[in-house]
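# Commentary on secondary and tertiary structure
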Amino acid sequence: MGFARTCSVALVGVEGVVVEVQADLEPGVAAFTLVGLPDKSLTESRDRVRAAVVNSGAEWPQKKLTVGLSPASVPKSGSGFDLAVAAAVLGAAERIDPRAIADLVLIGELGLDGRVRPVRGILPAVLAAADAGYRQVVVPEQTAGEAALVPGVSVLGVRSLRQLIAVLTDEPVPEEEPTEAGRPDAILAGLLVPGAGLGTGLTPDPTGTDEGPDLADVAGQHRARRALEVAAAGSHHILLSGPPGAGKTMLAERLPGILPPLTRQESLEVTAVHSVAGILPPGEPLVRRAPYCAPHHSATMQSLVGGGNGLPRPGAVSLAHRGILFLDEAPEFSGKALDALRQPLESGHVVIARAAGVVRLPARFLLALAANPCPCGRHTLHGAGCECPAALVRRYQARLSGPLLDRVDLRVEAEPVTRADLLGQGGRGETTAAVAERVREARARAAVRLADTPWNVNSDIPGHELRTRYLAVPGALAAAERDIERGHLTARGLDRVLRVAWTVADLAGHDRPDSEDIALALELRTGIARGVPVGAGGRT
């Protein structure tokens, strides 16, 4: 009787579970049994592994073969177990030393000719292996760079099963023929989900080398530009409302350019989500730029928060993790889809329960909403001929529910662009680079203040801490207290006003928010003019 074991990783959402792959050979009629809650694609690995082993020059054992995936209670899906199953079978057949693979984690799909094909989710799988104490992993050659992002792990990238057998048996490693120059590499198809990158609205260059659209291209909109700067500096949610053609979408598309680059930890989180979702560009293993996701208004609730057959897959809120989720024409989204955003907006993650299991996905994003004032969009324009009945306007605006808007920090009216602004008579606005520099300085001030806390930006600070630890200038909250008494502010609204006020103070270089900082935060929150002039880089 022959027995061997090795390890692989099963992904549940964006988290991995180390799975022990055991192979047992017994005398009897030749058969191949795979147990341990495999799905259809994993069950088919029996035929893939057999053909790959034979075509790699190894002999297939003509005995009763049982392969077990432990723990058997965890559902397992995908083709990433092929390499581990093949190694366990060869170890049980004594083609390779079983001790050489006992502490290895192997991830990869096998082609019928023995080539090792890449699979999605390599980064979270290797992270799970490292957390479990494993220090050696074998992955497809094309994803070795992604696996190498995990510190403290030795990564071996192989192109074929023949190469793996040679490495484990100390034989000369055969050279595999590379793909001809100019021809598409069909092996890379395993990294991308067909159609997943179309319509997601993700930034085409996640590495940050492309500067993207410039904020200076936006004509006018000085108050909206200032609100955009505040939103980026403190990671505050923002609602841009106004007539069509005012520049709401242009402003939102330029928001990623003024956000600071992702930290190392944030990059790993974003890369793990994109790897599982199948939208990580080949050859660029690390996402360094904040993602920008803009789903169409016909998107379903499942596409926004996550779902799918079997275990849920990441939705738009997870694809926008540590970045921006932009909902253009927000009132046109279904009410269920919009209200489903409440949980991730408050907690920074989304919990999805399905029959196949419960999955927790990261979803800490900056929400940007754009909305017209009425179905025709001309309700706020004088003399523009809006014919929408008052009841229709109220129903249209009520599609953005009160509980959802209560979680939005900044509400800005995008004013119609004047002829002078369009012709450039007022001069061009500030560039993205100039605004981004102020945002970085404000983030740096906040980072110094929050150095010994679990929070990174002002929008993360709990309300209790704002009212007891991070205090404004004495007497500065008088206007906010009056708004609470008049019903213009809720308790949650006061906390969000204080967060925005700290961001305004950071942009202005103040140690603590004063009355004018509070007034500007109230104006951005409630939309009620407070007589506070707004200029680039601070008050004028």
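This section reports on the structure supplied with the text. (Residues numbered from 1 in each chain as written. Predicted model: local features only at pLDDT ≥ 70, side-chain atom pairs only at ≥ 80, totals over all residues. Heavy atoms only, no water.)

Turning our attention to the overall build of the protein chain. Of regular secondary structure, the protein chain possesses 23 helices and 16 strands. Judged by the C-alpha coordinates and their principal axes, the protein chain covers about 85 × 50 × 45 Å. Each of the 540 residues in the protein chain was classed as buried or not, and the buried ones make up 51%. Long-range pairs, those at least 24 residues apart, make up 72% of the contacts in the protein chain with a sequence separation of at least 6. For the protein chain, the accessible surface area stands at approximately 23,700 Å², while carbon and sulfur atoms represent 52% of it. Placing the 56 positive and 61 negative side-chain charges of the protein chain at their respective mean positions leaves the two points 5 Å apart. (Helix = DSSP H or I, 4+ residues; strand = E, 2+ residues; numbered from the N terminus. Buried < 20%, exposed > 50% of the residue type's maximum accessible area, 1.4 Å probe, protein only. Contact = heavy atoms within 4.5 Å. Areas by Shrake-Rupley, 256 points an atom, 1.4 Å probe, with all protein chains shown as cover. Lys, Arg positive; Asp, Glu negative; His and termini not counted. Charge placed at Lys NZ, Arg CZ, Asp CG, Glu CD.)

Another point: the sheet that holds strand S16 (residues 410–413). Here five strands make up an open sheet; going across it, the order is S11-S12-S15-S10-S16 and the pairing parallel. Unpaired on one side and paired on the other, strand S11 (292–293) and S16 mark the two borders of the sheet. Taken together, the four bridges between strand S10 (residues 238–241) and S16 define a ladder with parallel strand orientation. From the neighbouring strand, Leu-239 faces S16, where its bridge partner is Arg-411. Packed onto the sheet, helix H8 (residues 222–234) meets S10, strand S15 (366–371) and S16 and runs at close to 160 degrees relative to S16. (Pairing = 2+ DSSP bridges. Axes fitted to C-alpha atoms, helices over the stretch in contact; angles between N-to-C directions.)

Under the criterion given, the structure shown has three aromatic pairs. Each ring, one from Phe-32 and one from Trp-60, has its centre 5.7 Å from the other, and the planes form 40 degrees; the classification is tilted. Of this pair, Phe-32 sits in strand S3 (residues 31–35) while Trp-60 sits in the loop between helix H2 (45–55) and strand S4 (64–70); the two residues are 28 residues apart in sequence, bridging distant segments of the chain. For the pair formed by Phe-32 and Trp-60, the shared burial category is buried. Arranged with centres 6.3 Å apart and planes meeting at 20 degrees, the rings of Tyr-292 and Phe-326 form a pair that is stacked. (Phe/Tyr/Trp six-rings, centres within 6.5 Å; stacked < 30°, edge-to-face > 60°.)

What follows is about the pairing of S3. Of the two faces of S3, only one is covered, namely that formed by Phe-32 and Leu-34; the face formed by Ala-31, Thr-33 and Val-35 stays uncovered. Strand direction decides the pairing type here: S3 and S4, joined by five bridges, are parallel. The partner of Leu-34 across the bridge, within S4, is Val-67.

Another point: the pattern of salt bridges. Counted by the stated rule, this structure contains 29 salt bridges. Note that Asp-339 is salt-bridged to Arg-342, the shortest N-O span being 3.2 Å. When its relative accessible area of 30% is taken as the criterion, Asp-339 is described as partly exposed. Overall, Arg-342 belongs to the partly exposed group, its relative accessible area being 27%. Here Glu-346 ties to Arg-492 by a salt bridge, and the two come within 3.7 Å at their closest N and O atoms. (Salt bridge = Lys/Arg side-chain N within 4 Å of Asp/Glu carboxyl O.)

Turning our attention to unusual backbone geometry. At the junction of Ser-70 and Pro-71, the peptide bond is cis and its omega measures out at 5 degrees in the coordinates. Counting through the fold element by element, Pro-71 comes out in the loop between S4 and helix H3 (82–92). In this structure, Ser-235 is a non-glycine residue whose phi angle is positive, near 60 degrees. In this fold, Ser-235 is placed in the loop between H8 and S10. Judged by its relative accessible area of 21%, Ser-235 falls in the partly exposed class. Positive phi values are uncommon outside glycine, yet Glu-329 reaches one of about 55 degrees. Residue position: Glu-329 is located in the loop between strand S12 (324–327) and helix H14 (335–339).

Moving on to H8. The first and last C-alpha atoms of H8 sit 19 Å apart over 13 residues, in line with the 18 Å expected at 1.5 Å per residue. Most of H8 is tucked away: eleven of the 13 residues are buried. Of the residues flanking the end of H8, it is Ser-235, one or two places downstream, whose phi is positive at about 60 degrees. (Expected span 1.5 Å × (residues − 1).)

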